[in-house]
Amino acid sequence: MATVLESLAVPRSASAPSPAALSPVASASSLAPIAGHRRSARFPQASGLRIRPVSVARSLRSPSQRPRRAPAVVCEAQDTAVEVAAVTDATWQSLVLESEFPVLVEFWAPWCGPCRMIHPVIDELAKQYAGKLKCYKVNTDESPSIATQYGIRSIPTVMIFKTGEKKDAVIGAVPKSTLTTSIEKFM
């Protein structure tokens, strides 16, 4: 707290303030800066839980004069990203039931919080088993007939199909290890 108060500069005048200056209604002339006494407040910069004082030389530079930093984090996985495709009533037969590979299908809805939690896990599994397992997702709001056909009563539900038959189902937002165990049974 002392650091903040030390760096706060307040303009002062030689005489005591007039009653007009203490009035709650300020006039335009009372808001004008006092000639030669204009100062700005410099507060310390917070970086996480540490506070460091502002350097005068750094704070007076224009944004174009400040040295640019390179990004600290570079995502190298962008080229290897595997998009989990959506399945609809029209594509269900060809993509899931007639697939030559085992198929993992996630039943989800956009309003479902646990479904959003499991999406990254399904994406990781799609990358991990690329070429061995097909991963798809079914929006139960857009394709309710598929959800009804397989008795989906709660979401997220992850089902594994092999040679067109339902082999296993996992209900709820579960850890990756649970889904991996289930997948490995049918590989």
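Refer to the preceding data block for the structure.
Residues numbered from 1 in each chain as written. Predicted model: local features only at pLDDT ≥ 70, side-chain atom pairs only at ≥ 80, totals over all residues. Heavy atoms only, no water.

### Thoughts on the pattern of salt bridges
Note the following rule: A carboxyl oxygen of Asp or Glu within 4 Å of a side-chain nitrogen of Lys or Arg is what we treat as a salt bridge. Think of it in three bands: with a 1.4 Å probe and only protein chains considered, a residue is buried below 20% of the maximum accessible area for its type, exposed above 50%, and partly exposed in between.
What the rule picks out here adds up to three salt bridges. A salt bridge links E165 to K167; its shortest N-O distance comes to 3.5 Å. The exposure class of E165 is partly exposed, given its relative accessible area of 46%. Of the charged contacts, one joins D168 and K185 as a salt bridge, the two residues approaching to 3.4 Å between their closest N and O atoms.

### Section: the state of the cysteines
What we call a disulfide is simply a covalent bond connecting the sulfur atoms of a pair of cysteines. Put simply, the test is: In this description, a disulfide is simply a cysteine sulfur pair whose atoms lie within 2.5 Å.
One pass over the full model with this rule turns up one disulfide. At a sulfur-sulfur separation of 2.5 Å, the disulfide partner of C112 is C115. Between C112 and C115, the disulfide has an S-S torsion of 80 degrees and is therefore right-handed. Assigned by exposure class, C112 and C115 land together as buried.

### Points about the nonpolar core
Nonpolar side chains tend to gather and get buried jointly when the protein is soluble and globular. The condition is simple: As used in this record, nonpolar core signifies buried Ala, Val, Leu, Ile, Met, Phe, Trp, Tyr and Cys residues forming a set joined through side-chain atoms within 4.5 Å. Every helix listed is a DSSP run of H or I at least four residues long, and every strand listed is a run of E at least two residues long, numbered separately from the N terminus. Contacts were defined at the residue level, with two residues in contact if any of their heavy atoms lie within 4.5 Å.
Within the largest apolar cluster, 17 residues are counted, with the highest numbers of intra-cluster contacts made by L104, I122, L125, L179 and I183. If you list the elements that add at least two residues to this core, you get α5 (113-128), β6 (157-162) and α7 (176-184). Looking at this core, the element that brings in the most residues is α5, giving five residues. In contact with I122, not counting residues within four places along its chain, are V84, L104, E106, V158 and L179. Counting residues in hydrophobic clusters, the runner-up holds 15 residues, among them V96, L97, M159 and F161.

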